[in-house]
Amino acid sequence: MLTAMKIKLKPTKEQEVLFWKSAGVARWAYNYFIAESNKHYDEYLKGNRETKTIKESDVRKHINNVLKNTTHTWLREVGSNVMKQAVKDANLARQRWFDGISGKPKFKCRRKSKISFYVNYESLKRTKEGFQGEKLGIVKTYQPLPKLQAGQMYSNPRISFDGKNWFLSVKYEKKFEMFEL
């Protein structure tokens, strides 16, 4: 069974600055994909495009190969998976709208959006003090991350801010024993 856990973090000042940068990159990448896919869809409606959706992989490649190397060098300051997952999240929101499951995705703004970003599950390692993440270093926590079986990984780890504290939320596989009555 998948179990979720939310753990309060004790970041250093440098880590907190990196958290804010990562959250900003995630919001920017989400909005960038929404803007590009809106442009693509408008061109499709005018008859200038054959498909109504843009591939998220094409947008990610454009960000990595063009923008990151020229005008948006600040994207390099945070982990590469922050931007990658934000684009995937925007694509999922867009796909849910096309499938009729949810409303049209809106742009995220600083004041109204949840401040959060993705942490690469492959680089997330449990330590004595807390955890180690991609470009984050060792982040101390108020309680330890759950121990995992060999070969298991945390699923969909995200760091979020509630207005006062930073938190890490993770999912992991936990086996429960069934008791007979």
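This report concerns the structure included in the present document. The shown structure was predicted, so the numbers you read here are calculated from the model rather than taken from an experiment. Sequence order sets the numbering: in each chain, residues are counted from 1 along the sequence as written. Totals for whole chains, interfaces and linings use every residue, but because this is a predicted model, local features are given only for residues with pLDDT of at least 70 and side-chain atom pairs only at 80 or more, for both listing and counting. To obtain the side-chain values, all non-hydrogen atoms of the structure were used and water was disregarded.

Here the term buried applies to any residue with accessible area under 20% of the maximum for its type, exposed to any over 50%, and partly exposed to those in between, with areas from a 1.4 Å probe on protein chains only. Helix and strand assignments follow DSSP, with helices taken as H or I runs no shorter than four residues and strands as E runs no shorter than two, numbered in order from the N terminus. Taking burial as the measure, the 7 residues of strand 6 (residues 155-161) include 5 buried ones, the bulk of the element. Judged from the 4 bridges that link them, strand 2 (residues 115-118) and strand 6 form a sheet pairing that is antiparallel. The residue bridging Y118 from the neighbouring strand is R158, located in strand 6. Note: two strands are recorded as paired if DSSP finds a minimum of 2 bridges between them. As judged from the 5 bridges shared by strand 6 and strand 7 (residues 166-173), these two strands associate in the antiparallel manner. Following the sheet pairing, F161 is matched in strand 7 by W166. Here strand 6 folds back onto strand 7, and the loop between the two strands holds 4 residues, one of which, G163, carries a positive phi near 105°.

On to the sheet that holds strand 7. Taking strand neighbours across the sheet as the criterion, the 7 strands line up as 2-6-7-1-5-4-3 in an open arrangement whose pairing is antiparallel. Either end of the sheet is taken by a strand with one partner, and the two such strands are strand 2 and strand 3 (125-126). Sheet strands in contact with helix 1 (residues 13-46) are strand 1 (2-10), strand 2, strand 5 (137-141), strand 6 and strand 7, and its direction is about 85° off that of strand 2. By the convention used here, residues are in contact when the closest approach between their heavy atoms is within 4.5 Å. Angles here are taken between N-to-C directions and fall from 0 to 180 degrees, while the axes themselves are lines fitted to C-alpha atoms, restricted in helices to the stretch in contact. Sheet strands in contact with helix 3 (residues 80-98) are strand 2 and strand 6, and its direction is about 105° off that of strand 2.

Moving on, we come to the environment of F131. Tracing the backbone shows F131 in strand 4 (residues 130-133). With relative accessibility at 0%, the residue F131 sits in the buried group. Leaving out residues up to four positions away in the same chain, F131 has contacts with L9, L124, K125, R126, L136, G137, I138, V139, T141, L145, I159 and L168.

Looking now at the packing of aromatic side chains. Ring pairs are drawn from Phe, Tyr and Trp, using the six-membered ring of Trp, whenever the two centres fall within 6.5 Å, and their geometry is named by plane angle: stacked under 30 degrees, edge-to-face over 60, tilted for the rest. Overall, the coordinates contain 11 aromatic pairs when judged by the stated rule. A centroid spacing of 5.1 Å and a plane angle of 20° characterise the contact between W28 and Y32, whose relative ring orientation is stacked. Here W28 and its partner Y32 are both found in helix 1, 4 residues apart, which amounts to about one turn of the helix. Classification of Y32 as buried rests on a relative accessible area of 17%. Between the aromatic rings of W97 and F98, the centroid separation amounts to 4.9 Å while the plane-to-plane angle is 35°, which identifies the pairing as tilted. F98 gets classed as buried once you look at its relative accessible area, which sits at 19%. Either the NZ atom of lysine or the CZ atom of arginine qualifies as a charge over a ring when it sits within 6 Å of the ring centre and within 35 degrees of the ring normal. In this structure, K6 packs its charged tip against the face of F167, placed 5.0 Å from the ring centre. For the cation-ring pair, K10 lies above Y142, with the distance from its terminal atom to the ring centre recorded as 4.8 Å.

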